[in-house]
Amino acid sequence: MLSTAELVRRPSRPPDYAAENRALIALAQVMATSPDAVLQKLADTALTLCRAHSAGLSLLEEGDQKNNFHWRAIAGQWARHINGGTPRNFGPCGTVLDQDVAMVCSHPELDFPYWAPIKPVLEEGLLIPFHIKGEALGTIWVVAHDTSRRFDAEDLRVMTNLGTFAASAYQTLLSLNATQRIASIVESSDDAIVSKDLNGVIINWNQGAERIFGYTAEEVVGKPITILIPPDRHDEEPAILERIRRGERVEHFETVRMRKHGSRVDISLTISPVKNAEGKIIGASKIARDITERKRSEAQIAILAREAEHRAKNVLATVQATVHLTQSDTPEGLKQAIEGRIQALANVHRLFVESRWEGADLHGLAQEELAAYSPGRETRVQIDGPSVLLEPNAAQAIAVILHELATNAAKYGALSVPNGHVRIEWSHEQNGQLVLRWTEKGGPSVEPPTRRGFGARVMENMVRGQFKGELKFDWHPEGLACEIVLPSVR
């Protein structure tokens, strides 16, 4: 690598200011009309003005943490190497940036082996650094591939000017790309992104805002933001604008806004001041997120939590009564009786969970309670009735009643012998009553009991005491028949 002082000592051609001015005007036109093409135009211009064999730009980029120079624009014989590159800290371009001066190089493959495959060879190159806001971001260079062309002081002057232009062009391109990225993010966002001036007049409106609020940009740009605010919340806007004028940012402010056709939508707002180039606050940018589903979920969770608390208290009360009233001649018998009744409650609560605490389906509840008595393909238990969703209190009562009837049938009735059968059927009357019938057949000969057992007392307490319903036992010789009438199950 050599100092450009060598160029001053060489014979120099006279300046061609007219050609240089025409080239700079052409560069400015490309920058104005097709900014993405300006880097290639720079390479073409350097090639022409310096009568080089190749020319191009080496750029440091954020994509690889600025570890390499990327050749994004090349003109002349090296054009096929477009998008190639060299390491930042091991090559001619890196040396130029480290020294922060223009330099001349010759045959870099002698010092940097990775240059050897690059053909045609670099006989002589002139490299000019350029900076953006004080940061070295690249070089612009011209190359001669043989001794027929040697650079001079005029080439240094022209390239220095082009280096200044390259910095401006690249800065413009970076800003344009950043603006385009931001615009793409804004336009594709599911959130509403809206800007307004300090008078609350809408300036920008993205597709997310159209989706959430129903207005197109043409319908709202130039109109006051208050068209989105319900009348009972109009006091929010002056307070927000006052905070923006003070330079404050409003974080995740939850409120309600109106859609085009008058319906309301829950939203979370983040509002930031917008400043001009001089740092003066000129407006605000709003990001509005639709939180309707979140609010609905929160409300549902709160309802379910209250319902779960209520049901848990009911279950504990029922369990407490079961433990208190259950009787048996032996501790093991007492244990089994309590376990059976608590299991009946557990079964129905599993059905509650499946229905999100709306209740339990009567057919499923009956199957759950009688499943143990009809294993495999046996049909000892017949269940028949229309679809009925029992509210939780009624479902708990029916579960315990069916458990008591099944337990009694397994001990003394139709389910105590192999050929016994039970039929459960119900009807839902027009007046809201549920009539449920339990009928046993094929069991031992039945006689009316001489005393009322705990199971009967529990059933009577639930049906007559809790629901003001009716309970009837018919002790037919061929088996027990029980009819239960509940006034309302919903």
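Look above for the structure.
Before going further, it helps to examine the overall build of the protein. Secondary structure assignment for the protein yields 13 helices and 19 strands. Split into buried and exposed, the 490 residues of the protein put 43% on the buried side. Here the contacts in the protein between residues at least 6 apart in sequence split such that 57% fall between residues at least 24 apart. Carbon and sulfur atoms make up 53% of the accessible area of the protein, which totals about 25600 Å².

Strand order in this open sheet of five strands is β14-β16-β17-β19-β18, and the pairing throughout is mixed. Two strands bound the open sheet, and with one partner strand each, they are β14 (381-384) and β18 (470-476). Across this sheet, the average inter-strand angle for adjacent strands is 10°, counted without regard to direction. Alignment of strand β16 (residues 421-428) against strand β17 (residues 434-441), held across eight bridges, turns out to be antiparallel. If you follow V422 over to β17, its bridge partner there is E440. Of the strands in this sheet, β16, β17, β18 and β19 (479-486) touch helix α12 (residues 392-411), which is tilted by about 10° from β17.

Another point: the sheet that holds strand β8 (residues 192-197). Read from one edge of the open sheet, five strands run β9-β8-β12-β11-β10, paired in antiparallel fashion. The open sheet has two edge strands with one neighbour each: β9 (202-205) and β10 (250-258). Here the average twist between neighbouring strands, direction ignored, is 30°. Judged from the six bridges that link them, β8 and strand β12 (residues 281-290) form a sheet pairing that is antiparallel. Paired with A192 across the bridge in β12 is A288.

What follows deals with the packing of helix α11 (residues 362-370) against α12. The contact between α11 and α12 brings their axes to 10 Å, and the two run at 35°. Here the hand of the crossing between α11 and α12 comes out right-handed. Together, L362, L365, A366, E369 and L370 of α11 and A395, I398, A399, L402, H403 and A406 of α12 make up the contact between the two elements. For the contact of α11 with α12, a count of residues per class yields nine nonpolar, one polar and one charged.

Here we take up the side chain of T255. Along the chain, T255 turns up in strand β10. Since its relative accessible area comes to 4%, T255 is described here as buried. Among the polar contacts listed, one links the side chain of T255 to the side chain of R233, at a separation of 3.1 Å. Here the side chain of T255 touches E236 through a polar contact of 2.9 Å, side chain to side chain.

Here the structure, examined in full by the defined rule, presents zero disulfides. C93 forms no disulfide, and the closest cysteine sulfur to it belongs to C105, at a distance of 8.0 Å.

Further remarks concern α11. Where α11 is concerned, the buried positions are L362, G364, L365, A366, E369 and L370. The N-cap of α11, judged by a side-chain oxygen 3.3 Å from the amide nitrogen of H363 a few residues on, is D361.

In this section: the pairing of strand β7 (residues 135-144). With respect to burial, β7 is a largely interior element, eight of its 10 residues being buried. The sheet contact formed by strand β2 (residues 54-60) and β7 spans six bridges and is antiparallel. Across the sheet, residue A55 finds its bridge partner in β7, namely V142. Inspection of the sheet shows strand β6 (residues 124-132) paired to β7 by nine bridges, in the antiparallel sense. What sits directly across from L126, in β7, is V142.

Turning our attention to the pattern of salt bridges. In total, this model carries 31 salt bridges according to the counting rule given. Across the pair K260 and E219 runs a salt bridge whose closest N-O atoms are separated by 2.6 Å. With K260 in the loop between β10 and β11 (264-275) and E219 in helix α7 (residues 217-220), the pair connects residues that are 41 residues apart, well separated along the chain. A residue is classified by how much of its surface remains accessible, and E219, at 27% relative accessible area, is partly exposed. Note that E248 and R243 form a salt bridge whose closest N and O atoms lie 3.0 Å from each other. The partly exposed category is assigned to E248, whose relative accessible area is 29%. One network of salt bridges, with partners in common, ties together E6, R9, R10 and E124.

In this section: the nonpolar core. Within the largest apolar cluster, 41 residues are counted, with the highest numbers of intra-cluster contacts made by L39, L42, L57, L126, I140, V142 and M159. If you list the elements that add at least two residues to this core, you get α2 (17-33), α3 (38-49), β2, β3 (68-76), β6, β7 and α5 (153-188). Setting aside residues up to four positions removed in sequence, L57 forms contacts with L39, L42, A43, H70, W71, R72, A73, F130, T139, I140, W141 and A166. L365, L405, I424 and M462 belong to the second-largest nonpolar core, a separate cluster that totals 37 residues.

Another point: the packing of α2 against α3. One can describe the packing of α2 onto α3 by two numbers: an axis separation of 9 Å at closest approach and a directional angle of 170°. The orientation of α2 with respect to α3, classified from their angle, is roughly antiparallel. Counting all contacts with α2, which are made through A19, E20, A23, A26, L27, V30 and M31, the residues of α3 involved are V38, K41, L42, T45 and L49. Classifying every residue of the contact of α2 with α3 by side-chain character gives nine nonpolar, one polar and two charged.

Basis of the calculations
- Residues numbered from 1 in each chain as written.
- Predicted model: local features only at pLDDT ≥ 70, side-chain atom pairs only at ≥ 80, totals over all residues.
- Heavy atoms only, no water.
- Helix = DSSP H or I, 4+ residues; strand = E, 2+ residues; numbered from the N terminus.
- Buried < 20%, exposed > 50% of the residue type's maximum accessible area, 1.4 Å probe, protein only.
- Contact = heavy atoms within 4.5 Å.
- Areas by Shrake-Rupley, 256 points an atom, 1.4 Å probe, with all protein chains shown as cover.
- Pairing = 2+ DSSP bridges.
- Axes fitted to C-alpha atoms, helices over the stretch in contact; angles between N-to-C directions.
- Left-handed = near helix turned anticlockwise from the far one by under 90°.
- Nonpolar A, V, L, I, M, F, W, Y, C, P; charged D, E, K, R; others polar.
- Polar contact = N/O pair within 3.5 Å; in protein donor to acceptor, adjacent residues only side chain to side chain.
- Disulfide = S-S within 2.5 Å.
- Salt bridge = Lys/Arg side-chain N within 4 Å of Asp/Glu carboxyl O.
- Core = buried A, V, L, I, M, F, W, Y, C linked by side-chain atoms within 4.5 Å.
- Parallel < 35°, antiparallel > 145°, perpendicular 65-115°, else oblique.

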